[in-house]
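Examination of the molecular architecture
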Amino acid sequence: MAKQAAYLRFTSRGLHAIIFLTSITEDTTMNLRILNYFLTVAQEQNITRAADILHITQPTLSRQLMQLEEDLGVALFERSQHKLTLTSAGDLLVHRAKEILYLVEKTETDLRDQEVNLSGSVSLGAGELMSVKVLADIMQAFQEKYPAVTFDLFTSTSDIVRERMENGLIDAAMMLAPIDMVNYDFISLPQPEEYGILMRADSPLADKQRIAAADLEGKPLLLPSRLQARSQILNWLSGNLAKIQFSGTCNLLGNAFTLVDRCRYYAIVVKPTILDENKLRFIPLDPPVTSGVYLAWRRGSKFSLTAQKFITFAQCFLSMK
């Protein structure tokens, strides 16, 4: 674990403390411990009593103090038979050492508080996908750990979500393939999205287990608005294109529900997360058409601490799936 490193030096103007944060070795951890040893001896003015308090041997404590004096190049104590008295340099070091150890303790506390009391907002994007259930699980688990964090979820097609992420308006997004991921780091979700036909519950096709392209001949059909998704569907329809009645495109499921219900269209959509089966049916395609889903974030972006932690948390969460 990274700790605070404290260094001391003497210059022509006296003793100066140099503090900075870094990942340190056991040697630097020992430097802080020696400062604590020094303060204990300065307070007790006696090696034997200080050694008892510190639970170390007297020779070990004496050796550590002598090494500290050698490293600093000054005497810190005037030694008599029964008492140690601080020199002027030793007195200055007492004040500086207290400041150093307090700053170390405060910094460690601040870092722990920052971890525990993490706050702020994470901006997320997603399409209307079954995979949003996974995103919801990640969000819930993250907020259980960091209750002060909030989320701003923007819903649209993957192309619009990606555009907002390019403009820095979204930290991370759940996007539907196929999509250009050249400038993104991402995790592939384990479960792909499945395409099917959304239709009214009283449709003559509503009792079928799967829908083949031939079943849609002469039916008013809505296609996905996204070019990449539409290309997948047109490829699936390729042998029957001449007999298909194309009625339009639609980019959001909510609108597709209304158009299917009111206009009796058949809409090719990804499987809805919620569906009123008293009114509508979703039936998968035959042969199946699926698309992968990515949780992605722009490579090289400068994220807030909260967004960084969410992305790392999401990676760990999904790695356990």
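Here the residue index of a chain counts from 1 through its sequence in written order. Reporting in this predicted model follows two pLDDT cut-offs: at least 70 for local features of residues, and 80 or more for side-chain atom pairs to be given and counted; totals over whole chains, interfaces and linings ignore these cut-offs and use all residues. The side-chain numbers reported here are obtained from all heavy atoms of the structure, hydrogens and water having been left aside.

1. Brief notes about the overall build of the protein chain
Check the secondary structure of the protein chain and you find nine helices and 15 strands. Here the term buried applies to any residue with accessible area under 20% of the maximum for its type, exposed to any over 50%, and partly exposed to those in between, with areas from a 1.4 Å probe on protein chains only. By the burial criterion, 41% of the 321 residues in the protein chain qualify as buried. Pairs of residues are marked as contacts when any of their non-hydrogen atoms sit within 4.5 Å. Of the contacts formed within the protein chain by residues at least 6 apart in sequence, a portion of 69% connects residues at least 24 apart. Summing over all exposed atoms, the protein chain offers an accessible surface of approximately 17,500 Å²; the carbon and sulfur share of this is 49%. To qualify as a helix, a DSSP run of H or I must reach at least 4 residues; to qualify as a strand, a run of E must reach at least 2; elements of each kind are numbered from the N terminus. With residues, only the protein chains shown are counted as cover, and all accessible areas are computed by Shrake-Rupley using a 1.4 Å probe.

2. Some words on the nonpolar core
Residues belong to a common nonpolar core when they are buried Ala, Val, Leu, Ile, Met, Phe, Trp, Tyr or Cys residues joined through side-chain atoms within 4.5 Å. By size, the foremost hydrophobic cluster in this structure holds 49 residues, and its most contacted members are Tyr195, Leu216, Leu237, Ile268 and Phe310. With six residues, the single largest contributor to this core is helix H9 (residues 305-319). Residue contacts for Leu237: discarding those within four places in its chain leaves Ala213, Leu216, Leu221, Leu223, Ile244, Phe246 and Ile268. Judged by nonpolar contacts, the second largest core, of 24 residues, contains Leu76, Phe77, Leu84 and Val104.

3. Focus on the confidence of the model for the protein chain
What pLDDT conveys is the predictor's confidence in a given residue, as a value from 0 to 100. Summary statistics for the protein chain give a mean pLDDT of 87 and a share of 88% for residues scoring 70 or more. Model confidence for the protein chain, summarised as mean pLDDT per element, is weakest for strand E2 (residues 14-22) at 38 and strongest for strand E13 (residues 280-284) at 98. Residue range residues 1-30 is modelled with pLDDT below 50. Its contacts to residues more than four positions away, or to other chains, number 58 contacts.

4. Examining the pairing of strand E6 (residues 149-155)
The pairing of strand E5 (residues 120-126) with E6 spans seven bridges and is parallel. Counted as the bridge partner of Ala126 is Thr155 from E6. Between E5 and its parallel partner E6, the chain crosses via helix H5 (residues 132-145), and the hand of that crossover is right-handed. Strand pairing requires that DSSP identify at least two bridges connecting the strands. For a crossover, the right-handed case is the one in which the path from the first strand over the helix to the second runs clockwise, viewed with the strands pointing away from the viewer.

5. Notes on the environment of Ala201
Looking at the element boundaries, Ala201 is found in the loop between strand E9 (193-200) and strand E10 (220-224). The sequence separation of Ala201 and Arg281 amounts to 80 residues, and the corresponding C-alpha distance is 5.4 Å. Those residues within four positions of Ala201 in sequence are excluded, and the remaining contacts are Ala206, Glu277, Asn278, Lys279, Leu280 and Arg281.

6. Concerning the packing of helix H2 (residues 47-54) against helix H3 (residues 58-72)
Interaxial angles span 0 to 180 degrees and are taken between N-to-C directions of axes, which are lines fitted to C-alpha atoms, for helices over the stretch in contact. Direction vectors running N to C along H2 and H3 enclose 105 degrees, while the axes themselves pass 9 Å from each other. Here H2 lies roughly perpendicular to H3, going by the angle between them. Packed against H2, whose contacting residues are Ile47, Thr48, Ala50, Ala51 and Leu54, the element H3 presents Gln58, Leu61, Ser62 and Leu65 at the interface. Per-class residue counts for the contact of H2 with H3 are six nonpolar, three polar and no charged. Should an angle fall under 35 degrees it is taken as roughly parallel, and over 145 as roughly antiparallel, whereas 65 to 115 is taken as roughly perpendicular and any remaining angle as oblique. For this classification, Asp, Glu, Lys and Arg are treated as charged, while Ala, Val, Leu, Ile, Met, Phe, Trp, Tyr, Cys and Pro are nonpolar and the rest, including Gly, are polar.

7. Some words on the sheet that holds strand E7 (residues 172-176)
Strand order in the open sheet formed by five strands is E6-E5-E7-E15-E8, and the pairing between neighbours is mixed. Looking at strand neighbours, the two that pair on one side only are E6 and strand E8 (184-188), the edges of this open sheet. Sheet twist, expressed as the average angle between the axes of neighbouring strands with direction ignored, equals 25 degrees. Where H5 meets the sheet, it contacts E5, E6 and E7, and its direction lies at approximately 165 degrees from that of E6. Packed on one face of the sheet, helix H6 (residues 158-166) meets E5, E6, E7, E8 and strand E15 (293-298) and runs near 155 degrees to E7.

8. A few points about the packing of aromatic side chains
Geometry of aromatic contacts follows a simple scheme: Phe, Tyr and Trp rings, the Trp one being its six-membered ring, pair when their centres are within 6.5 Å, and the pair is stacked under 30 degrees between planes, edge-to-face over 60, tilted otherwise. Counted under the stated rule, the structure contains eight aromatic pairs. The interplanar angle of 70 degrees and the centroid separation of 5.2 Å between the aromatic rings of Phe142 and Phe313 together place this pair among those described as edge-to-face. Here Phe313 lies in helix H9 and Phe142 lies in helix H5, a separation of 171 residues in the sequence. Its relative accessible area of 0% is what places Phe142 among the buried residues. One aromatic cluster in this structure is built from Phe142, Tyr146, Phe151, Phe310, Phe313 and Phe317. One cation-aromatic arrangement involves Arg164 over Phe154; the distance from NZ or CZ to the ring centre is 4.1 Å. Only when the NZ of Lys or the CZ of Arg is both within 6 Å of the ring centre and within 35 degrees of the ring normal is a charge said to sit over the ring.

9. Concerning unusual backbone geometry
Looking along the chain, the bond that leaves Ala177 and enters Pro178 is cis, with omega of -5 degrees. In this structure, Pro287 follows Asp286 across a cis peptide bond, with omega equal to 0 degrees. On the secondary structure map, Pro287 appears in the loop between E13 and strand E14 (290-291). Unlike most non-glycine residues, His55 shows phi in positive territory, near 60 degrees. Turning to its location among the elements, His55 is positioned in the loop between H2 and H3. Residue classification places His55 among the exposed residues on the basis of a relative accessible area of 73%. Of note in the backbone geometry, Arg264 takes a positive phi value of approximately 60 degrees without being a glycine. Residue Arg264 is classed as partly exposed on the basis of its relative accessible area of 48%.

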